[in-house]
Amino acid sequence: MHNLHTTTERNRSQGGCETDRSDDPGPDDPRSDDPKRRELMALHAERAELEQRLARAEQERLYLTDPAAAAAAQGEEAALLAELDRLMTRIRAAEYRSQPGARTW
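The rules behind these values
- Residues numbered from 1 in each chain as written.
- Predicted model: local features only at pLDDT ≥ 70, side-chain atom pairs only at ≥ 80, totals over all residues.
- Heavy atoms only, no water.
- Axes fitted to C-alpha atoms, helices over the stretch in contact; angles between N-to-C directions.
- Helix = DSSP H or I, 4+ residues; strand = E, 2+ residues; numbered from the N terminus.
- Parallel < 35°, antiparallel > 145°, perpendicular 65-115°, else oblique.
- Left-handed = near helix turned anticlockwise from the far one by under 90°.
- Nonpolar A, V, L, I, M, F, W, Y, C, P; charged D, E, K, R; others polar.
- Expected span 1.5 Å × (residues − 1).
- Buried < 20%, exposed > 50% of the residue type's maximum accessible area, 1.4 Å probe, protein only.
- Contact = heavy atoms within 4.5 Å.
- Core = buried A, V, L, I, M, F, W, Y, C linked by side-chain atoms within 4.5 Å.

Asker: An account of the packing of helix α2 (residues 35-63) against helix α3 (residues 67-97) is needed here, citing residue identities and associated values.
Answerer: The geometry of α2 relative to α3 is characterised by a closest axis approach of 9 Å and an angle of 160° between their N-to-C directions. Between α2 and α3, the angle is such that the two are roughly antiparallel. In the packing of α2 onto α3, the handedness of the crossing is left-handed. Across the contact of α2 with α3, the residue classes tally to 14 nonpolar, two polar and 15 charged.

Asker: Summarise α3; cite the residues concerned and give the values.
Answerer: Compared with an ideal rise of 1.5 Å per residue, which puts 31 residues at 45 Å, α3 spans 45 Å between its outermost C-alpha atoms and is within 8% of the ideal. Buried within α3 we find Ala-70, Ala-73, Glu-77, Leu-80, Leu-84, Leu-87, Ile-91 and Ala-94. The secondary structure elements touched by the buried residues of α3 are α2.

Asker: Describe the nonpolar core, and please don't skip the residues or the numbers.
Answerer: By size, the foremost hydrophobic cluster in this structure holds 10 residues: Leu-40, Leu-43, Leu-50, Leu-54, Ala-57, Leu-80, Leu-84, Leu-87, Ile-91 and Ala-94. Looking at this core, the elements with two or more residues in it are α2 and α3. Excluding anything up to four places from it in sequence, Leu-80 contacts Leu-50, Arg-53, Leu-54 and Ala-57.

This is the structure:
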């Protein structure tokens with residue numbers, strides 16, 4: 001136990017962080033069959049993909065030399081930001097619904 005504590009303290013002092021993966025179910029964990037959890041994981045995967053597309057559009061807007069292409073990238077970036085906002089709202093709703101005792105209305 002002392003070694004774990006020492007390692008944790010060393011990680012913190014070096015700017016690292018302690019991660020607890022006990023809430024990440026493995027393939028044999030019964031929680032991996034939970035439809036709410038699968039929905040939430042799918043939404044987060046969609047968010048990650050959307051954030052990559054958004055980063056690319058931002059880079060194109062900033063660094064393309066053709067004004068027409070940069071303007072098109074700016075329009076795409078605005079559309080992706082609106083889509084990300086809607087997706088984050090869906091994620092927050094799914095996270096709320098997954099909590100015990102969550103109201104349905």
